[in-house]
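An overview of the molecular structure
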Protein chains: 2
Amino acid sequence: MKRIIIASTSTLYEGSYLEYLLPTLKTHFKGINKILFIPYARPGGISHDDYTKKVNEAFAKIDIAVKGIHEFENPVEALQQAKGIFTGGGNTFLLVTQLYKIGIIETLEKVVKNGTPYLGTSAGSNICGLTMGTTNDMPIVYPPSFNTLAFVPFNINPHYLDPIEGSTHMGETRETRINEFHYFNSQPVLGLREGSWLEVNDSKITLKGALPARLFKQNQEAVELETGADLSNLK
Amino acid sequence: MKRIIIASTSTLYEGSYLEYLLPTLKTHFKGINKILFIPYARPGGISHDDYTKKVNEAFAKIDIAVKGIHEFENPVEALQQAKGIFTGGGNTFLLVTQLYKIGIIETLEKVVKNGTPYLGTSAGSNICGLTMGTTNDMPIVYPPSFNTLAFVPFNINPHYLDPIEGSTHMGETRETRINEFHYFNSQPVLGLREGSWLEVNDSKITLKGALPARLFKQNQEAVELETGADLSNLK
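Residues numbered from 1 in each chain as written. Chains lettered and ligands numbered in written order. Predicted model: local features only at pLDDT ≥ 70, side-chain atom pairs only at ≥ 80, totals over all residues. Heavy atoms only, no water.

Overall, the coordinates contain two cavities of 30 Å³ or more when judged by the stated rule. As a volume, the largest cavity reaches approximately 70 Å³. Considered class by class, the residues forming the lining of the largest cavity number two nonpolar, nine polar and four charged. In this structure, the second largest cavity occupies an estimated 50 Å³ of space. If you go around the second largest cavity, the residues you meet are Thr92, Ser122, Ala123, Asn126, Thr135, Asn136, Asp137, Pro158 and His159 of chain A together with Glu172 and Arg177 of chain B. A class-by-class count of the residues in the lining of the second largest cavity yields two nonpolar, six polar and three charged. (1 Å grid on protein atoms, 1.4 Å probe; cavity = no way out; pocket = protein on both sides within 12 Å on 5 of 7 lines; lining within 4 Å. Points joined across faces, edges and corners; volume = space filled by probe spheres on them. Nonpolar A, V, L, I, M, F, W, Y, C, P; charged D, E, K, R; others polar.)

What follows concerns unusual backbone geometry. Note: most peptide bonds trans; most residues except glycine with negative phi. Residues and elements named next belong to chain A. Here the phi dihedral of Ser122 falls at roughly 55°; this positive angle occurs in a residue that is not glycine. If you trace the backbone, Ser122 turns up in the loop between strand S5 (118–121) and helix H6 (123–126). For Ser122, a relative accessible area of 11% gives the class buried. For Ala150, which is not glycine, the phi torsion reads 55° and is therefore positive. Along the chain, the position of Ala150 falls in the loop between H6 and strand S6 (155–157). The exposure class of Ala150 is partly exposed, given its relative accessible area of 25%. (Helix = DSSP H or I, 4+ residues; strand = E, 2+ residues; numbered from the N terminus. Buried < 20%, exposed > 50% of the residue type's maximum accessible area, 1.4 Å probe, protein only.)

Another aspect to go through is the interface of chain A and chain B. Opposite the 46 residues of chain A that make contact, chain B presents 46 residues. It is Met138, Tyr142 and Met170 of chain A in chain A that bury the most area against chain B; as a group they hold 19% of the surface buried on that side. Inspection of the region where chain A meets chain B yields two salt bridges. The salt bridge involving Asp137 of chain A is made with Arg177 of chain B; its shortest N-O contact spans 3.5 Å. Viewed at the interface, chain B and chain A are joined by 16 residue pairs in polar contact (both at pLDDT 80 or more). Ranked by residue count, the leading element in the side of chain A that touches chain B is helix H7 (residues 174–181) of chain A, at five residues. (Contact = heavy atoms within 4.5 Å. Buried area = accessible area lost by both parts, 1.4 Å probe. Salt bridge = Lys/Arg side-chain N within 4 Å of Asp/Glu carboxyl O. Polar contact = N/O pair within 3.5 Å; in protein donor to acceptor, adjacent residues only side chain to side chain.)

Between the two copies, chain A and chain B, the superposition gives an RMSD of 0.0 Å; the rotation angle is 180° and the shift along the axis is 0.0 Å. One copy is carried onto the other by what is essentially a two-fold rotation axis. (Least-squares fit on C-alpha atoms with pLDDT ≥ 70 in both.)

Glancing now at the sheet that holds strand S10 (residues 213–216) of chain A. All names here are of chain A. A sheet is described by the order of its strands in space; here four strands give the open sequence S6-S7-S10-S11, paired in mixed fashion. Strands at the two margins of the open sheet, each flanked by one partner only, are S6 and strand S11 (223–225). Taken over all neighbouring pairs, the strand axes of this sheet differ in orientation by 30° on average, direction set aside. Pairing analysis gives three bridges linking strand S7 (residues 189–191) to S10, with the strands arranged antiparallel. Residue pairing in the sheet places Val189 in a bridge with Phe216 of S10. (Pairing = 2+ DSSP bridges. Axes fitted to C-alpha atoms, helices over the stretch in contact; angles between N-to-C directions.)

This part covers the pairing of strand S3 (residues 65–68) of chain A. Residue and element names in this part refer to chain A. Taking every second residue as pointing to the same face, the buried face of S3 carries Val66 and Gly68, while none of Ala65 and Lys67 on the other face is buried. Looking at chain direction, strand S2 (residues 34–38) and S3 are connected through four bridges and run parallel. Each bridged residue has a counterpart across the sheet, and for Phe37 the counterpart in S3 is Gly68.

Looking now at the pattern of salt bridges. The full count for this structure, using the stated rule, is 16 salt bridges over all chains. Of the charged contacts, one joins Arg193 of chain A and Glu224 of chain A as a salt bridge, the two residues approaching to 2.9 Å between their closest N and O atoms. On the criterion of sequence distance, the pair formed by Arg193 of chain A in the loop between S7 and strand S8 (196–201) and Glu224 of chain A in strand S11 is long-range, its members being 31 residues apart. For Asp230 of chain B, the salt bridge identified is with Lys204 of chain B, shortest N-O distance 3.4 Å. In this pair, Asp230 of chain B is assigned in the segment after strand S11 (223–225) and Lys204 of chain B in strand S9 (residues 204–209), connecting sequence segments 26 residues apart. A single salt-bridge network, built from bridges that share partners, covers Asp162, Glu175, Arg193, Arg214 and Glu224 of chain A.

Structure (C-alpha cells):
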C-alpha cells in the first residue's frame, strides 16, 4: 500500500517553503506527529541541521515534528522506524550518491513500497522514478548508478520548463533534452510544472495541482495532461 | 605544442552553423585540407553521416574537407593520422560514454596534447576541461567516468547563461549550479557565453570573442573576464 506525494518543487514563486502543499500534507501524513527528513540532496549553503530546521518550521504549521536522518547513528533503523519520510530538494547527483554510499537506498525503497507515507520535492521527486536520467541538475559528483527508487514505473522531470518565447539562447530546451533521453531509454517521462504533483495511492497515480503536466513517450508527440488525470496505467 | 579552440557554441542566434568561427578556423587549421570529425555527442535526430555532412558544408567555405571518425574501421588510427580534429556538440554524457566505450579517449588526449589542432564546440568543449562535471546536459546515459581530456587545467561551462531577469522559475540558476559544483570540486570553472571561445597555444590560453566570460573559483566571488584576458595561469 504505497502512499506517496511527488512534487515538482518545494516552493512556489513568492510563496514560503512547502506552503502550497501543506493542506495536502495534512491529509497525507494524517495521524502522524513525527516524520524523518532526508537532507542529503543539499550540496552546501546551509548545513543538514539548518535544512532540517527549515523543514521543521514548515511542518510545525500542521503539527508535525521533523528529525533529520543525519542525526541518527543507524540510518537504516531510522528509516525502518519512521512513520513518514520526506526527501527535500538540492542536487540529484549528490542525493543519489549519498543514498548509495550511506547504504540506505534499498531500505528507503522497501519501507515506502510497504506503506510508509513519503513526500518528495524536486531532487526528492526525481528519485521516485525509474532512473535519475531526467534530472535538470549539474553532475557535481559521480553516483555509482543512475537507478533510483521506481515508486512509479516512469521517469520524473521536476521543475518542468516550457520553451522561453523570444529566447536567443542556443542551448537545448527542456523538451529537446527529454526527447534526447528517449533515444536511449524507453520509459515515459512526466514533466511536472512547478505547482503540480503526483499522488500515489497504491496502484493509483493521479496528477494534482493547478497546472497541466507534459507527458513524453518514446517515439510519440508529447501531450498535455490536465490536473486530475489518472496515470495508473502509464508505463 | 597544443593548438586548441574551445568554443561555447557552434552556432549563434540567427547565424549559420560555425559561421562566426570561420575566420578563426581558417587560421587555426591553416595548411590543413582535411580534418577528422567526431559526431558521437549527437543523440539522434540526425545520423552521424548527416551530422558530418553539415560540418563538411561549413568547412567547405574555408576549403577544408571533413571525414567522420565513424567512417573508419580503426578509429584510433584515424585519430593518429588526423591533421586536425573537431568534436561537435550534442549531449556530453553520451559523448563521454562513447569516447570511453569505443576506446579512443586516451588517443584523442595524446594526439591533441602532441599538437594536432583541435576544435570543440559545446559538448566538444566540455570535454576539454578536467571533468564533465559542469555540463548543462541531461544524464541520458551513464558514462564510466566523468573525467575528461584536461586540455586546460580547469572546467568549462559552455552556453553560459546569466540569470533571467524577472523569472518566476524556482529551478537553480547556472551560477547557483556552478557554486554547488564547488562544494565538491576545487578546480576553477569558466562560464563561456555564446560567441566566446578560448584559444590555447601551448601553455598560453586567451579568451576570444565578443563577450566577457564569467570565472568561478572555489570560495571566491565570481568575476567577469574581458575578451583578450590571459588565462594561462588559471588552475
